[in-house]
Amino acid sequence: MHIVEMENRMEYELAEAVQRHYPLDWKEDSITHDLLIRFRRQFRETTLEGLRYPLQLEWEVYKFHGARETSYGDIGMLIRYQLPSGAEVEAAAFLEAKVRGRDSTKFHQVRHEQVSRILARSRYTRLLLYDYNAVAVLGDDGFDPDWDWPHPFHKRRRMGHGTVTHGPTVPLELAAAVNQFDDGLYRFAHSFSHQMARRFFQLHDVDFSEDAVKAVKGFPSDLGATNYVMVVRGAALGQEMPEPFVPNDNVYGRFE
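Let me begin by describing the structure that accompanies this report. All values derive from a computational prediction rather than experimental measurement.

What about the side chain of lysine 217?
(1) Moving on: In this fold, lysine 217 is placed in helix α6 (residues 210–217).
(2) Moving on: The exposure class of lysine 217 is buried, given its relative accessible area of 12%.
(3) Moving on: Side chain to side chain, lysine 217 and glutamate 90 meet in a polar contact 3.0 Å long.

Describing the pairing of strand β5 (residues 126–130)
(1) Moving on: Burial analysis of β5 places five of its five residues in the buried class, which makes it a mostly covered element.
(2) Moving on: Here β5 shows two buried faces, one formed by Arg126, Leu128 and Tyr130 and the other by Leu127 and Leu129.
(3) Moving on: Strand direction decides the pairing type here: strand β4 (residues 88–99) and β5, joined by five bridges, are parallel. When the bridges of β5 are listed, glutamate 96 appears paired with leucine 127.
(4) Moving on: Considered for its hand, the β-α-β crossover made up of β4, helix α3 (residues 112–121) and β5 is right-handed.
(5) Moving on: With three bridges connecting them, β5 and strand β9 (residues 169–171) associate as antiparallel partners. Bridge pairing in β9 places leucine 128 opposite threonine 169.

Regarding the pattern of salt bridges
(1) Moving on: Under the definition given, this model contains 19 salt bridges.
(2) Moving on: One salt bridge in this structure joins arginine 199 and aspartate 205, with 2.9 Å as the shortest N-O distance.
(3) Moving on: Here aspartate 205 falls in the buried class, since its relative accessible area comes to 15%.
(4) Moving on: Members of the salt-bridge network, linked through shared partners, are Glu13, Arg20, Asp34 and Arg38.

With respect to the packing of helix α1 (residues 3–21) against helix α2 (residues 28–43)
(1) Moving on: Two numbers describe how α1 lies on α2: the axes approach to 9 Å, and their chain directions differ by 145°. Here the hand of the crossing between α1 and α2 comes out right-handed. From α1, Met6, Arg9, Met10, Glu13, Leu14, Glu16, Ala17, Val18, Arg20 and His21 reach across to α2, where they touch Ser30, Ile31, Asp34, Leu35, Arg38, Phe39, Arg41, Gln42 and Phe43.
(2) Moving on: Along the lines of polarity and charge, the residues of the contact of α1 with α2 split into nine nonpolar, three polar and seven charged.

A few points about the environment of leucine 83
(1) Moving on: Counting through the fold element by element, leucine 83 comes out in the loop between β3 (75–82) and β4.
(2) Moving on: As for leucine 83 and glycine 234, which are separated by 151 residues in sequence, their C-alpha atoms are 9.0 Å apart.
(3) Moving on: The residues contacting leucine 83, other than those within four sequence positions of it, are Val89 and Gln239.

What about the environment of arginine 100?
(1) Moving on: Relative to the helices and strands, arginine 100 resides in the loop between β4 and α3.
(2) Moving on: Exposure remark for arginine 100: the relative accessible area of 10% places this residue in the buried category.
(3) Moving on: C-alpha separation for the pair arginine 100 and tyrosine 132, spaced 32 residues apart in sequence, amounts to 7.5 Å.
(4) Moving on: Those residues within four positions of arginine 100 in sequence are excluded, and the remaining contacts are Trp26, Thr105, Lys106, Phe107, Tyr130, Asp131, Tyr132, Asn133, Asp183 and Tyr186.
(5) Moving on: Among the polar contacts made by the side chain of arginine 100, one reaches the main-chain carbonyl oxygen of serine 104 at a distance of 2.6 Å.
(6) Moving on: Among the polar contacts listed, one links the side chain of arginine 100 to the side chain of aspartate 131, at a separation of 2.9 Å.

Quick notes on the packing of aromatic side chains
(1) Moving on: Throughout the structure, instances matching the rule amount to 10 aromatic pairs.
(2) Moving on: A ring pair is formed by phenylalanine 39 and phenylalanine 192, whose centres lie 5.8 Å apart and whose planes are at 15°; its orientation type is stacked. With a gap of 153 residues between them, phenylalanine 39 in helix α2 and phenylalanine 192 in helix α5 (residues 192–199) connect regions that are remote in the sequence.
(3) Moving on: Feature note: the residues Phe39, Phe43, Trp59, Phe192 and Phe201 constitute an aromatic cluster, connected by ring pairs.
(4) Moving on: Sitting above the plane of the phenylalanine 245 ring, lysine 217 keeps its charged end 5.1 Å from the centroid.

What about the pairing of β3?
On any regular strand, side chains alternate: one points to one face of the sheet, the next to the other face.
(1) Moving on: Burial within β3 is extensive, with eight of its eight residues counted as buried.
(2) Moving on: Neither face of β3 is open: one carries Ile75, Met77, Ile79 and Tyr81, the other Gly76, Leu78, Arg80 and Gln82, and all of them are buried.
(3) Moving on: The turn linking β3 back onto β4 is made up of five residues, and glycine 86 within it adopts a positive phi angle of 100°.
(4) Moving on: Here eight bridges tie β3 to strand β10 (residues 228–236), and the two strands are oriented parallel to one another.

Parameters at a glance
- Residues numbered from 1 in each chain as written.
- Predicted model: local features only at pLDDT ≥ 70, side-chain atom pairs only at ≥ 80, totals over all residues.
- Heavy atoms only, no water.
- Helix = DSSP H or I, 4+ residues; strand = E, 2+ residues; numbered from the N terminus.
- Buried < 20%, exposed > 50% of the residue type's maximum accessible area, 1.4 Å probe, protein only.
- Polar contact = N/O pair within 3.5 Å; in protein donor to acceptor, adjacent residues only side chain to side chain.
- Pairing = 2+ DSSP bridges.
- Right-handed = clockwise from strand over helix to strand, strands pointing away.
- Salt bridge = Lys/Arg side-chain N within 4 Å of Asp/Glu carboxyl O.
- Axes fitted to C-alpha atoms, helices over the stretch in contact; angles between N-to-C directions.
- Left-handed = near helix turned anticlockwise from the far one by under 90°.
- Contact = heavy atoms within 4.5 Å.
- Nonpolar A, V, L, I, M, F, W, Y, C, P; charged D, E, K, R; others polar.
- Phe/Tyr/Trp six-rings, centres within 6.5 Å; stacked < 30°, edge-to-face > 60°.
- Lys NZ or Arg CZ within 6 Å of the ring centre and 35° of its normal.

No statement about biological role is implied by the geometric values presented.
The following block contains the structure:
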């Protein structure tokens, strides 16, 4: 799958998940649950092309069960990456999801105390802003206008030079510094698909610290746990994949 096709499939599934839950079930957990089921179905095993080095990916999703104290955000990602040397790199990525208020420009559920707590544990956390409207954000590098789109729903929708998305993402640290939790953040945002395909999958905006990696693995600690964990394994095309990993089953269960 070409990286541009992956981005557009992600944006299509995101739009479907968001619009399905607006306005009657307009909660970030409902949207996220729907979205991750869609992503697992679409991208469980794929080869990402259009990069300098094509990347094999395998993807699984787990959900936290039981009571929890939110520390790292709604979505955690464990990335296990096999280097050409044979060495394996592990990293954690975090997304804190919020929904835009109905008939409002604000994200009312943002709590400054929670933001400070999350940033104290991982400053790399990204804020994922679900919007019932498609909004323009910063353009994605590497856009290929000559790409032969296989399906009209997967065409990249653009407004001027900005990509359109239902899930803008910004660094949580930037949002906290601006201290403006409304649609004014969109001027600093990229699309959700850009954050996934061109940042997280390339080991950017991730946390390599032992504590962060342990948190997404579900190991007991006082740092808390995310509500969902995605385990993504990657290797250059033709290389052996990293060993599978299942988070602590006392804490997480596989999606069925």
